[in-house]
Amino acid sequence: MTRVAIMTDEVGWHTRQLQAALRERGVVGRCVDLADCRIDTSAAWHGLAIPGFGRELPDAVLVRGIAGGSFEQVTKRLGVLHALRELGVPVYNDARAIERSVDKSMTSLLLHAAGIPTPATWAMESPAQAQRLVMRESAAGRALVLKPLFGSQGKGLQLVGSVDGVHHPLPDLKQGYGGLAYLQRFVPPLTQPGFDWRVLVVGGRAVTAMRRVSAHWVHNVAQGARCEPATLDEPLARLAEDAARALEMDYAGIDILPCGATQSLQVIEVNGVAAWQGLQRVTAFNIARALVDDLLDRRLAASRRGAQRA
């Protein structure tokens, strides 16, 4: 029987949805915490010890979550995902894609290099350089969003520079920002309340979208935004697909804002381990099933065809 490891540090609604979708396909989905995985070259030919799989490897891996930890711990956890890929196991999304999306500065750099519209972005370690940037932008009447480089769910975001005509200086970067200034030019909301779009891309195709509506400028559901159905028109779908392709994602949640009087679209973030509980509430089809079908029918099937040819 085909066995899939669902890599997660938290068992809950998302993992239950994935396990149910896998069962519908006759596949066993076992939740595994990457913190519990080991590199053990004495255990098996492949050198990995994956709880629940004995001396064997899973047929495929679906990454749902990676626990935070020390630099060394996270390096080991990502190393296990890298090793699984090198051993021929389809990993969805693989470690390289997760690294591109978790590091917001790399996301911004890759989007810019691919010609995808995204706000002007800076990442720097020098507090003096960062303060000069904030002063320059503030003098031009612009605000910047300061974000933790590895943040999620809208936590730790704050506006600096010119906010409603008042200058807000850069805070101490050692407190919550790891000594790094990751700054993105603020895109003011066009309406009140404001909104952004979350578009889900699966297997290179935009499959559904929602509007996240909030009186606050942070539109994350975890920060109180309201989920509304959204029409996935061609420009929105194409931009989301281009963003996912630029980061080589199997699946991704793409955050997009309307910008300026022309309401042109800009990609704000690309989420490589995207939650979809809020999106599922306003989406007619089963999202977990779409993810599982893409993993099994595209990634795992291609891997098996390659193994047969070899």
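Residues numbered from 1 in each chain as written. Predicted model: local features only at pLDDT ≥ 70, side-chain atom pairs only at ≥ 80, totals over all residues. Heavy atoms only, no water.

Undergrad: In this structure, what is going on with the overall build of the chain? I would like to understand it.
TA: A tally of helices and strands in the chain yields 8 helices and 16 strands. The C-alpha radius of gyration of the chain comes to 21 Å, within 12% of the 19 Å expected for a compact globule of 310 residues. For the chain, the proportion of its 310 residues judged to be buried stands at 48%. Within the chain, contacts between residues separated by at least 24 positions form 63% of all contacts whose residues are at least 6 apart in sequence. As displayed, the chain has an accessible area near 14,800 Å², and 51% of this comes from carbon and sulfur atoms. Of the side chains in the chain, 35 bear a positive and 30 a negative charge, and the two mean positions are spaced by 1 Å. (Helix = DSSP H or I, 4+ residues; strand = E, 2+ residues; numbered from the N terminus. Rg over C-alpha atoms; globule rule 2.2 N^0.38 Å. Buried < 20%, exposed > 50% of the residue type's maximum accessible area, 1.4 Å probe, protein only. Contact = heavy atoms within 4.5 Å. Areas by Shrake-Rupley, 256 points an atom, 1.4 Å probe, with all protein chains shown as cover. Lys, Arg positive; Asp, Glu negative; His and termini not counted. Charge placed at Lys NZ, Arg CZ, Asp CG, Glu CD.)

Undergrad: For this particular structure, what's the right way to read the packing of helix α3 (residues 95-102) against helix α4 (residues 104-113)?
TA: The axes of two packed helices give the description: the angle between them and the distance between them. In the contact formed by α3 and α4, the axes pass within 5 Å of each other and the chain directions differ by 95°. It follows that α3 is roughly perpendicular to α4 by the angle criterion. Counted together, R100, S101 and V102 of α3 and K104, M106, T107 and L110 of α4 form the full contact between these two elements. Classifying every residue of the contact of α3 with α4 gives 3 nonpolar, 2 polar and 2 charged. (Axes fitted to C-alpha atoms, helices over the stretch in contact; angles between N-to-C directions. Parallel < 35°, antiparallel > 145°, perpendicular 65-115°, else oblique. Nonpolar A, V, L, I, M, F, W, Y, C, P; charged D, E, K, R; others polar.)

Undergrad: How should I be thinking about empty space enclosed by the protein in this particular structure?
TA: It is a probe the size of a water molecule, rolled over the atoms, that shows where empty space is left. This structure, assessed with the given rule, holds 1 cavity of 30 Å³ or more. Every residue lining the largest cavity is listed: P189, L190, T191, G194, F195, L257 and P258. Going through the elements one at a time, β12 (194-202) and β15 (251-259) are the ones with two or more residues in the lining of the largest cavity. Partitioned by chemical class, the residues of the lining of the largest cavity number 5 nonpolar, 2 polar and no charged. (1 Å grid on protein atoms, 1.4 Å probe; cavity = no way out; pocket = protein on both sides within 12 Å on 5 of 7 lines; lining within 4 Å. Points joined across faces, edges and corners; volume = space filled by probe spheres on them.)

Undergrad: I keep staring at the sheet that holds strand β6 (residues 91-92) and nothing clicks. Help me out?
TA: Strand pairing in a sheet relies on backbone hydrogen bonds. The paired strands run either parallel or antiparallel. Spatial strand order, β2-β1-β5-β6: 4 strands in an open sheet with parallel pairing. Of all strands in the sheet, those with a lone pairing partner are β2 (28-32) and β6, marking the two edges. Sheet topology places strand β1 (residues 3-7) next to strand β5 (residues 60-63); 4 bridges connect them, and they run parallel. Across the sheet, I6 pairs through a bridge with L62, a residue of β5. Contacts from helix α1 (residues 13-24) reach β1, β2 and β5 within the one sheet, and its direction differs from that of β1 by about 170°. (Pairing = 2+ DSSP bridges.)

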